[in-house]
Amino acid sequence: MLQDEVILSDAERLRMTQSNVKLLQRHFQAETLPWIQRMRQKEQGLQRRLLRLKGSGAELSRRVQNLLTISRVQGNAIAGGSSAYLTGSTKIHEQSLADMQEVLQQQTEAIGRLGNVLKRDIRDMEIIMSEDTEMAQDDVVVNHWISSQHLLH
C-alpha cells in the first residue's frame, strides 16, 4: 500500500514537472526566442551603421591627408596663380582652401550624424535594459508560479 502511494506521488510530481516544462517551453518560444531575434536584428543594424561610419570616416581621413600633403608640396614649391598667404608665409592655392573647407564641412556633417547615431544607440540601450528588466520580472513570475505549484502538491 505504501509503495502504491509513493508511485502515485511520484507520478503526480512527474506530471507537474512535465506541465512546468511545457509552460517554460511555451514561454521560451513566445517570449525569449522573439526577443533574441529582435536583439540579433538590432545588432546587425548597429553593425551595418558602424561599418558605414568606418567607411566614410576612412575616406574622409584619406582626403584630409591628401589635401594636407598637396598643400605642403604647394607651400614648398614656387607656385604661380591665385594663392593665399598664411602664417609662416606658406602659400596655399584657393582651390586647396576650398577643398579643405569642403572636407571640414563633410566632417562636421559626419560628426552630426554620428551624434544622432549615438542618441539612437542610447535609446536602444535603454529599451534593451527595460526589456531585460521585464524578462527578469517575467522569470520571477514564472518561477513563483512553478514554486507555488510544487507547494500545492
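Not measured: the values here are computed from a predicted model.

Procedures and definitions
Residues numbered from 1 in each chain as written. Predicted model: local features only at pLDDT ≥ 70, side-chain atom pairs only at ≥ 80, totals over all residues. Heavy atoms only, no water. Helix = DSSP H or I, 4+ residues; strand = E, 2+ residues; numbered from the N terminus. Contact = heavy atoms within 4.5 Å. Areas by Shrake-Rupley, 256 points an atom, 1.4 Å probe, with all protein chains shown as cover. Salt bridge = Lys/Arg side-chain N within 4 Å of Asp/Glu carboxyl O. Buried < 20%, exposed > 50% of the residue type's maximum accessible area, 1.4 Å probe, protein only. pLDDT = per-residue confidence, 0-100.

Draft legend 1. Structural detail: the overall build of the chain. Secondary structure assignment for the chain yields 2 helices and 2 strands. Listed by position from the N terminus, the elements making up the chain come as α-β-β-α. By sequence separation, contacts in the chain at least 24 residues apart represent 66% of the contacts at least 6 residues apart. As presented, the chain carries roughly 11700 Å² of accessible surface, and 59% of it is formed by carbon and sulfur atoms.

Draft legend 2. How the structure looks around the pattern of salt bridges. For the structure on display, the rule yields 3 salt bridges. The residue Glu12 makes a salt bridge to Arg15 at a minimum N-O spacing of 2.9 Å. Here Arg15 and Glu12 lie together in helix α1 (residues 2-76), a separation of 3 residues that amounts to about one turn. On the basis of relative accessible area, Glu12 is assigned to the partly exposed category, the value being 27%. Residue Arg123 is joined to Asp124 by a salt bridge in which the shortest nitrogen-to-oxygen separation is 3.3 Å. Classification of Arg123 by relative accessible area gives partly exposed; the value is 44%.

Draft legend 3. Spatial organisation of the side chain of Asp124. Mapped onto the elements, Asp124 comes out in helix α2 (residues 94-152). On the basis of relative accessibility, which here comes to 12%, the residue Asp124 falls in the buried class.

Draft legend 4. Looking closely at the confidence of the model for the chain. Summing up the model confidence of the chain, the mean pLDDT is 76 and the portion of residues at 70 or higher is 74%. For the chain, strand β1 (residues 83-86) is the element with the lowest average pLDDT, namely 48, and α1 is the one with the highest, namely 80. Here residues 78-89 scores under 50 on pLDDT; set against residues more than four positions off or in separate chains, the count is 17 contacts.

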